[in-house]
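Working through the structure, step by step
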Amino acid sequence: MKMPYKFSYSFIEPIKRHRTFVSFIMILIGLCIFCAILAGIKFNKSSLLISFSNVVIVKFLRGSTGFGGMLFTNIFTISIFSVIIITSCCKKYTISIGIFFYGYYVYAQMLTLIAFILEYGIINTLVIAFCMLLSMILMLFLLLELFLSCLELINDNYYFKYAFTNCLPILICILILLLVQNVVFFVLRNYIIVLVY
């Protein structure tokens, strides 16, 4: 089966074809967000402080890393998750690996957002938190679409040969989202008063 390069992509059709899988992922996202909220509240009320030393957006807002460093780190991180998702969909019994890492990504991003708000206050971080939440939602949607795109080729004998071609539109969208996200935070840091010390 030879597949042509696709430069157009329908975001709705894969969702319609894999409704059961999408429903399962929605439940997983809900559970991960719930666990992240509980964990964030627990850490906030305890003596344990969540360190932001490895959170690239907070490092950028504090001035300890530059625009290039933030962009490279975000692209590198998402690339790892994307490769794991694509690789895990080669067989039915390996999908659980991708689902686990997808859930971990949801949990980690939500926990970081909650800890960020609790640490610096909702008033101080309202605009930043909204941008973080919006970019997280869009990224989760694109990673879900990456899953669905890979499911079209599951158990195919030439899976790895055609997987990149099938996922190319989604990967381009992910790259564009990362660029826009980083530009937005660059503007926020340089032209809006950001109360992150």
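Values in this document were obtained by computation on a predicted structure and should not be read as measured data.

**Observations regarding the environment of Met 70**
Along the polypeptide, Met 70 turns up in helix H4 (residues 67-88). Separated by 15 residues in sequence, Met 70 and Val 55 have C-alpha atoms that sit 9.6 Å apart. With residues up to four places along the chain from it excluded, the contact list for Met 70 reads Val 56, Phe 60, Thr 65, Asn 182 and Phe 185.

**Some details on the side chain of Thr 65**
Take Thr 65: it is sitting in the loop between helix H3 (56-62) and H4. When sequence neighbours within four positions are dropped, the list of residues in contact with Thr 65 reads Val 56, Lys 59, Phe 60, Met 70 and Arg 189.

**Description of the environment of Ala 36**
Within the secondary structure, Ala 36 sits in helix H2 (residues 19-45). Residues Ala 36 and Met 110, spaced 74 residues apart in sequence, show a C-alpha to C-alpha distance of 5.9 Å. Once residues lying within four places of it in the same chain are set aside, the contact partners of Ala 36 are Tyr 107, Met 110, Leu 111 and Ile 114.

**What about the packing of aromatic side chains?**
Evaluated as defined, the whole model comprises nine aromatic pairs. Note on Phe 81 and Tyr 105: the rings are 5.1 Å apart at their centroids and 65° apart in plane angle, and the pair reads as edge-to-face. Of this pair, Phe 81 sits in helix H4 while Tyr 105 sits in helix H5 (residues 95-120); the two residues are 24 residues apart in sequence, bridging distant segments of the chain. Across the pair, Tyr 105 and Phe 81 agree in class, each one buried. Linked through ring pairs, Phe 21, Tyr 102 and Phe 147 together constitute an aromatic cluster.

**Describing the side chain of Asn 74**
Mapping Asn 74 onto the fold places it in helix H4. Residue Asn 74 is classed as buried on the basis of its relative accessible area of 11%.

**Description of the confidence of the model for the protein chain**
In this model, the protein chain carries a mean pLDDT of 83, and residues with pLDDT of at least 70 account for 86%. By mean pLDDT, the top-scoring element of the protein chain is H4 (92), and the lowest-scoring one is H3 (79). For the stretch residues 1-7, pLDDT sits under 50, and the model shows 13 contacts to residues farther than four places along the chain or on other chains.

**Digging into H4**
In this model H4 runs 32 Å from its N-terminal to its C-terminal C-alpha over 22 residues, within 8% of the 32 Å that 1.5 Å per residue would give. Within H4, burial applies to Met 70, Leu 71, Asn 74, Ile 78, Phe 81, Ser 82, Ile 85, Ile 86 and Ser 88. Around the axis of H4, the buried residues are gathered within 165° of arc, so they sit on the same side. What points out from H4, more than 90 degrees from its buried face, is the exposed set Phe 72 and Val 83.

**With respect to the nonpolar core**
Grouped together as the largest cluster of nonpolar side chains are 58 residues, with contacts concentrated most on Phe 21, Tyr 102 and Phe 185. Sorting the residues of this core by element identifies H2, H3, H4, H5, helix H6 (126-151) and helix H7 (159-191) as the ones contributing at least two each. When residues in this core are grouped by element, the largest group, 15 residues, is from H6.

**Some words on the packing of H5 against H6**
Running from N to C, H5 and H6 point in directions that differ by 175°, and their axes come no closer than 10 Å. As the angle between them shows, H5 and H6 are arranged roughly antiparallel. Between H5 and H6, the contacting residues are Ile 95, Gly 98, Ile 99, Tyr 102, Tyr 105, Val 106, Gln 109, Met 110, Leu 113, Phe 116 and Ile 117 on the first element and Ile 128, Ala 129, Met 132, Leu 133, Met 136, Met 139, Leu 140, Leu 143, Leu 144, Phe 147 and Leu 151 on the second. Across the contact of H5 with H6, the residue classes tally to 20 nonpolar, two polar and no charged.

Parameters and conventions
- Residues numbered from 1 in each chain as written.
- Predicted model: local features only at pLDDT ≥ 70, side-chain atom pairs only at ≥ 80, totals over all residues.
- Heavy atoms only, no water.
- Helix = DSSP H or I, 4+ residues; strand = E, 2+ residues; numbered from the N terminus.
- Contact = heavy atoms within 4.5 Å.
- Phe/Tyr/Trp six-rings, centres within 6.5 Å; stacked < 30°, edge-to-face > 60°.
- Buried < 20%, exposed > 50% of the residue type's maximum accessible area, 1.4 Å probe, protein only.
- pLDDT = per-residue confidence, 0-100.
- Expected span 1.5 Å × (residues − 1).
- Arc of directions from axis to C-beta.
- Core = buried A, V, L, I, M, F, W, Y, C linked by side-chain atoms within 4.5 Å.
- Axes fitted to C-alpha atoms, helices over the stretch in contact; angles between N-to-C directions.
- Parallel < 35°, antiparallel > 145°, perpendicular 65-115°, else oblique.
- Nonpolar A, V, L, I, M, F, W, Y, C, P; charged D, E, K, R; others polar.

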